[in-house]
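Structural features, examined
As a plain string of letters, each chain reads:
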Amino acid sequence: MKMTKLKILWLLPLILMLMVASVYGQTKRGNGKLFGSLMDESGKAVFEGKIILKKIMRIDGDYKKDSDQSIDEKNIKYGIPFETLSDKDGKWMFKGLTKGTYKLTASKQGFPGVVQVLKLYSQKRNPPLNLVLKKGKTVEKPNEAMVKLVKKGNKLFKAKNYKDAIPLFKQFLSDYPENFKVGVNLGNCYMELKAYQEAIDAFGQVISGFEKNKDSAALNADKTLIASVYANIGDAYTAMQKLDKAADAYIKSMAMTPEKNEAVVFRVAEIMFNSGKTDEAIKYFKMAVDLNPKKAENQSKLGYAYLNKGDMKNAVIHFEKFLELAPKDPQAATLKSLVSELKKQQ
């Protein structure tokens, strides 16, 4: 019995070491470093402000969302978060970072928070990031009755009862107009009902509120959410055949975050192509190809854009890539013949 206990005790440190090694391997630490300061508007150091850094590992799906969960929380997959507190001089630092795109949140009780999305490097030096917490109003938490109201609206949305959900969301927003997620829910109801101008108006209220309070993380929004709102506005204008306005909204969506959404990029490219803006179409189709080179449609569309420009060589390159990726596609026979003809002209 004693020997058995001794063996177990001897094995425990080894098991713990293996567990630590396993976790370490999963977190994949790098050589990158990010540091900076946290100050208030007067330049005074903010002591024990909380800074959270989360790596964006993957963005799934399109810029669509259900009724009660925003695009960033539903479709973005984060790595294990880093967390630290600012010191008495407002200084803070993270070490062991790998290259990639991160979401950083800084907060302190009594201040609306700050949210930033930024690209970081592992080998070369990242510039210092000086964050400023501004005094301002924070969003009042909804009372229990209003929370129940939104939950009821969300259930109606999921049941596709959009008409009955709309007055509930409107009632909530009359008391809490800066709750952006509920504002987006309202816009989504109108989108489902194909009431596109009403959807644009609802999404526009979200954009206006964000612009007034864009330094505040406490207002339930960040740039990724606003990117999705601009994309939804683009979808509404597209449905209304107002393509110039749709393209403008999609481009604003892409400008909000460093990570580009392939579907949004593709929509802009299509609009440019159909509007006869060939150079712009090539620019955005190339961007779509860079984001997803294995998607056959991206390759064929870029080929057609080059063909419209009279660039036969590049048209053939991308048509052939399409044929490699989708040899059994219904378009394959047509493109094979087209490639054959284009090669004769070269």
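Going along each chain's sequence as written, the residues are numbered from 1 onward. Confidence filtering applies because this is a predicted model: local features only for residues at pLDDT of at least 70, side-chain atom pairs given and counted only at 80 or more, and all residues used for totals across whole chains, interfaces and linings. No hydrogens and no water enter the side-chain calculation; it runs on all heavy atoms of the structure.

**What about the confidence of the model for the protein chain?**
The predicted model of the protein chain averages 82 in pLDDT, with 81% of residues at 70 or higher. A score between 0 and 100, pLDDT records how confident the predictor is in each residue. In this description, contact between two residues means that some pair of their heavy atoms is separated by no more than 4.5 Å. Here residues 1-12 is modelled with pLDDT under 50, and outside its nearest four sequence neighbours on either side it reaches zero contacts, counting other chains as well. Note that residues 217-221 has pLDDT below 50 and, in this model, 19 contacts with residues that lie over four places away or in other chains.

**Describing the pairing of strand E7 (residues 111-120)**
Across a regular strand the side chains alternate sides, sitting on one face of the sheet and then on the other. Three labels apply to residues, based on accessible area from a 1.4 Å probe with only protein chains included: buried if under 20% of the type maximum, exposed if over 50%, partly exposed otherwise in between. Think of it this way: any DSSP run of H or I at least four residues long counts as a helix, any run of E at least two long counts as a strand, and we number them from the N terminus. E7 sits mainly inside the fold: eight of its 10 residues count as buried. Pairing of strand E6 (residues 100-108) with E7 involves eight bridges; the strand directions are antiparallel. Residue pairing for E7: Leu104 is matched across the bridge by Gln116. A pair of strands is labelled paired if DSSP reports no fewer than 2 bridges between them.

**Examining the pattern of salt bridges**
Between Lys or Arg on one side and Asp or Glu on the other, a salt bridge is scored when a side-chain nitrogen of the former is within 4 Å of a carboxyl oxygen of the latter. Taken as a whole and judged by the stated rule, the model has 10 salt bridges. Here Lys252 makes a salt bridge to Asp248, at a shortest N to O gap of 3.4 Å. Note that Lys252 and Asp248 are positioned in helix H8 (residues 243-256) at a spacing of four residues, about one turn of the helix. We classify Lys252 as partly exposed; its relative accessible area is 37%. For Asp248, a relative accessible area of 40% corresponds to the partly exposed category. Lys301 is the partner of Glu270 in a salt bridge, and the nearest nitrogen-oxygen pair spans 3.3 Å. One end of the pair, Glu270, is in helix H9 (residues 262-274); the other, Lys301, is in helix H11 (residues 296-309), and 31 residues separate them in sequence. Lys301 sits in the partly exposed class, given a relative accessible area of 24%.

**A few points about the side chain of Arg267**
Counting through the fold element by element, Arg267 comes out in helix H9. On the basis of relative accessible area, Arg267 is assigned to the buried category, the value being 18%. Pairs of N or O atoms are called polar contacts if they sit within 3.5 Å, as long as, within protein, a hydrogen donor faces a hydrogen acceptor (for residues adjacent in sequence, only side-chain-to-side-chain pairs). A distance of 2.7 Å separates a polar atom in the side chain of Arg267 from a polar atom in the side chain of Asp235.

**Focus on the packing of helix H7 (residues 223-239) against H8**
Relative orientation of the contacting elements H7 and H8 amounts to 165 degrees, with a least axis distance of 8 Å. Our classification of the angle between H7 and H8 gives roughly antiparallel. Along this stretch, H7 crosses H8, giving a crossing that reads as left-handed. Counted together, Lys223, Ile226, Ala227, Tyr230, Ala231, Ile233, Gly234, Asp235, Tyr237 and Thr238 of H7 and Leu243, Lys245, Ala246, Ala249, Tyr250, Lys252, Ser253 and Met256 of H8 form the full contact between these two elements. Each residue belonging to the contact of H7 with H8 can be placed in one class, and the counts come to 11 nonpolar, three polar and four charged. In this analysis an axis means a line fitted to C-alpha atoms, helices contributing only their contacting stretch, and an angle means the value between N-to-C directions, from 0 to 180 degrees. Note on terminology: angles under 35 degrees are roughly parallel, angles over 145 are roughly antiparallel, angles of 65 to 115 are roughly perpendicular, and the others are oblique. Crossing handedness: left-handed means the near helix sits turned counterclockwise from the far one by under a right angle, and right-handed means the same turn made clockwise. Residue polarity follows a fixed list, in which Ala, Val, Leu, Ile, Met, Phe, Trp, Tyr, Cys and Pro are nonpolar, Asp, Glu, Lys and Arg are charged, and the others, Gly among them, are polar.

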